[in-house]
Amino acid sequence: MRSKTFIAVVAMLALLGALAGVAVAYDHASRDKIANGIHIAGIDVGGLSRAGAQARLKQRLIEPLREDVVVDHGAKQWRLTANEAKVVARVDASVQDAVRRSRDGGLLSRVMRKLTGGEVHANLDAEVTYSDRAIVRLLDRIRASVDRPAKDASVTFSVSGPQEQDSHVGLAVNASQLHKKIREALVSPTAPRRLSASTHHVEPKVTTDDLAQRYPTVLVVNRGAFRLDLYKNLKKLKSYDIAVGAVGRDTPAGLYHIQNKAVDPAWTKPHSDWVPEDERGEVVPGGSPQNPLKARWLGIFDGAGIHGIDPSEYGSIGHAASHGCVRMRIPDVEDLYDRVPVGAPIYIGG
């Protein structure tokens, strides 16, 4: 009885050994075969040998990736070739990854999976490299052709008054979005290779509607017409008759800003040839009969400013008669003074 049992055990062990040997031989024979259910870049390579998987990837991965990526915007078109983008698909490495994944699990589980048609559910990324710098260069070409900077509204000045220059909305390529789509096209055979460059509007920082608030007060001096115009929110509010600098002592032309203001200002005699040398630098108090700056002062530039004059000199209004300042009748300069803040632009021309 013991002999029969021993023989049965030996026979069973022999059978198991034989089965184990068969299993090892079967597993070894299929070591380069990829398990069912494995995909590379969405391409089914399950059940294929290493060579078969490489052939399929060449046809379905490499060949599509050799096609140009085309970007268009309206009638304009740009191309990026695989050579320019330095696209390289490492098929051998991708297949090796698939084979390695097929060997997951123990010997018995692998053999049973192969015998029963079981699957390894895996979608592996293809090992594709490319030059991101080439994408950036393409984007630069597209943006140079499509982008249009926004234009801020502005004001130009002349003796005719402040002129509004309208703002314009800009245009810009959605570069980050396009960059991502181009990258996908370079590495995926199923991604679209014909792309459109979408854009968005770029709003100006200063719109035409903003200008009036940015220029609440503007002064324009027309030396030839002997007139000072006051603008509020870029609309002419009032005009005043003035006198300007005599020939050789011209009121300075250009765009300036009101630097300071004063009621009954003191006057410092300038170091000029029309002032006696021993009086230069002398300060004449405001309100003094000898002070030519009557009632009000609005400083402009380098000692020149707007001021009132004695009624006895009203006859100089409408003439080039001053030493460089803008002269006004006292009621006019008092009226102007309260309407003009320090910092207001003043354009002098004509």
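A quick note: this is a predicted structure, and the numbers were derived from the prediction, not measured. Every chain is numbered on its own, with residues counted from 1 as its sequence reads. Given that the model is predicted, a residue must reach a pLDDT of at least 70 before its local features are reported, and side-chain atom pairs must reach 80 or more before they are shown or counted; all residues, however, enter totals for whole chains, interfaces and linings. Each side-chain value is worked out from all heavy atoms of the structure, with water and hydrogens disregarded.

**Student:** How do you make sense of the overall build of the chain when you look at a structure like this?
**Tutor:** Counting from the N terminus, the helices are DSSP H or I runs at least four residues long and the strands are E runs at least two residues long. Helix and strand counts for the chain stand at nine helices and 25 strands. Classification of residues uses two cut-offs on accessible area relative to the type maximum, computed with a 1.4 Å probe and protein chains only: under 20% is buried, over 50% is exposed, and between them is partly exposed. A total of 350 residues make up the chain; the buried ones form 38% of that total. Whether two residues touch is decided by their heavy atoms; if any such pair falls within 4.5 Å, the residues are in contact. Sequence separation of 24 or more characterises 65% of the internal contacts of the chain that already satisfy a separation of 6 or more. Only carbon and sulfur atoms are counted for the fraction: they give 52% of the accessible area of the chain, which is about 19200 Å². Values of accessible area rely on a 1.4 Å probe in the Shrake-Rupley scheme; residue burial ignores everything except the protein chains shown.

**Student:** Quick question: what am I supposed to make of the sheet that holds strand β25 (residues 345-349) here?
**Tutor:** In a beta sheet, neighbouring strands pair by backbone hydrogen bonds and run either parallel or antiparallel. Spatial strand order, β15-β14-β13-β25-β17: five strands in an open sheet with mixed pairing. The open sheet has two free edges, formed respectively by β15 (235-241) and β17 (254-257), since each of these has just one partner strand. Direction aside, the axes of adjacent strands within the sheet are offset by 20° on average. Summarising the sheet, strand β13 (residues 217-222) and strand β14 (residues 227-232) pair through six bridges and their orientation is antiparallel. Bridged to V218 within β14 is Y231. Helix axes are fitted to C-alpha atoms over the stretch in contact, other axes to C-alpha atoms as well, and angles between N-to-C directions run from 0 to 180 degrees. Sheet contacts for helix α9 (residues 330-337): β13, β14 and β15; angle to β15, the most-contacted strand, approximately 155°. When DSSP locates at least two bridges between a pair of strands, those strands are taken to pair.

**Student:** Can you help me understand the packing of aromatic side chains in this one?
**Tutor:** To describe a pair of aromatic rings, one takes the distance between the centres and the angle between the planes. Pairs were defined over the aromatic rings of Phe, Tyr and Trp, the Trp ring being its six-membered one, requiring ring centres within 6.5 Å. Orientation was assigned from the angle between planes: stacked under 30 degrees, edge-to-face over 60, tilted for the rest. In the structure shown here, the tally under the stated rule is three aromatic pairs. Put simply, the rings of F157, Y215 and Y347 touch in pairs and so form one group of aromatic residues. Here, a charge over a ring means that NZ of Lys or CZ of Arg falls within 6 Å of the ring centre while also lying within 35 degrees of the ring normal. The ring of Y337 carries K261 above its face, with NZ or CZ at 4.2 Å from the centroid. Geometry around Y337 places R296 over its ring, the cationic atom sitting 5.5 Å from the centre.

**Student:** Where do I start with the pattern of salt bridges in this structure?
**Tutor:** Oppositely charged side chains are able to pair whenever their charged atoms sit close together. Salt bridge criterion: a side-chain nitrogen from Lys or Arg within 4 Å of a carboxyl oxygen from Asp or Glu. Following the criterion strictly, the structure yields 11 salt bridges and no others. A salt bridge links D229 to K236, with the shortest nitrogen-to-oxygen separation between them at 3.8 Å. Because the salt bridges share partners, they merge into one network encompassing R227, D229 and K236.

**Student:** Is there a simple way to think about helix α2 (residues 50-65) in this case?
**Tutor:** Each full turn of the α-helix corresponds to 3.6 residues, which orients residues three or four apart in the same direction. For α2, built from 16 residues, the straight-helix expectation of 22 Å at 1.5 Å per residue is met to within 8% by its first-to-last C-alpha distance of 21 Å. At K58, α2 is bent by approximately 40°, the largest bend along its length. Within the sequence span of α2, burial applies to A53, L57, L61, P64 and L65. Take the residue count of a helix, subtract one, and multiply by 1.5 Å to get its expected span. Fitting one axis to the seven residues ending at a residue and another to the seven starting there, the bend at that residue is the angle between the two axes.

**Student:** Mind showing me how you'd approach a positive patch on the surface here?
**Tutor:** Two joining distances apply to patches: 9 Å for like charges and 5 Å for nonpolar side chains (Val, Leu, Ile, Met, Phe, Trp, Tyr), and every residue must have over 30% relative accessible area and no salt bridge. Residues scored as positive are Lys and Arg, those scored as negative are Asp and Glu, and His as well as the terminal groups of each chain are ignored. Charge coordinates come from a single atom per side chain, which is NZ of Lys, CZ of Arg, CG of Asp or CD of Glu. A contiguous patch of positive charge on the surface is contributed by K86, R133, R137 and R141. Of note, K86 is situated in the loop between α3 (82-85) and β5 (88-89).

**Student:** Help me out: how do you make sense of the side chain of T251 in this one?
**Tutor:** Examined against the element boundaries, T251 turns out to sit in the loop between β16 (244-245) and β17. Between N or O atoms, a polar contact is any pair within 3.5 Å; within protein, one atom must be a potential hydrogen donor and the other a potential acceptor, and residues adjacent in sequence are included only when both atoms are from side chains. Within polar-contact distance, the side chain of T251 engages the backbone nitrogen of G245 at 2.9 Å.

**Student:** What should I look at first to understand the confidence of the model for the chain in this one?
**Tutor:** One rule of thumb: low pLDDT means the predicted coordinates there are not for detailed reading. When pLDDT is averaged along the chain, the result is 87, and 86% of the positions lie at 70 or above. Values of pLDDT, ranging from 0 to 100, describe the predictor's confidence in every residue of the model. Of the regions scoring below 50 in pLDDT, residues 22-29 engages in 11 contacts with residues more than four places distant in sequence or in other chains.

**Student:** When you look at the sheet that holds strand β24 (residues 326-328) in this model, what are you seeing that I'm missing?
**Tutor:** Spatial ordering of the open sheet is given by β18-β21-β22-β24, a layout of four strands whose pairing is mixed. Since the sheet does not close on itself, it has two edges, and those belong to β18 (260-263) and β24, each with one partner. Taken pair by pair, the neighbouring strands of this sheet meet at an average axis angle of 10°, ignoring direction. Of the strand pairs in this sheet, strand β21 (residues 294-301) and strand β22 (residues 304-308) are connected by five bridges, and their pairing is antiparallel. For G299, the partnering residue across the bridge sits in β22 and is G305. Most of the contacts of α9 go to β21, to which it runs at about 60°, and overall it touches β18, β21, β22 and β24.

**Student:** Where do I start with the pairing of strand β10 (residues 170-173) in this structure?
**Tutor:** Each regular strand carries side chains that alternate between the two faces of the sheet. Burial of β10 is two-sided: the residues G170 and A172 facing one way and the residues L171 and V173 facing the other way are all buried. The pairing of β10 with strand β12 (residues 199-202) spans four bridges and is antiparallel. When the sheet's bridge partners are listed, V173 is paired in β12 with T199.

**Student:** Could you clarify how one ought to interpret the nonpolar core in this entry?
**Tutor:** What tends to happen in soluble globular proteins is that the nonpolar side chains get buried as a cluster. Nonpolar cores are built from buried Ala, Val, Leu, Ile, Met, Phe, Trp, Tyr and Cys residues. Side-chain atoms within 4.5 Å join them into one set. The biggest cluster of nonpolar side chains holds 42 residues, and the ones touching the most others in it are I38, V71, L80, I142, L178 and I182. Residue contributions to this core peak at six residues, all from helix α6 (residues 132-146). Filtering out sequence-adjacent residues up to four positions away, L80 remains in contact with D68, V69, A85, A134, I135, L138, I182 and L186. Core analysis: the second largest hydrophobic core is formed by 22 residues, L228, L230, L298 and V340 among them.

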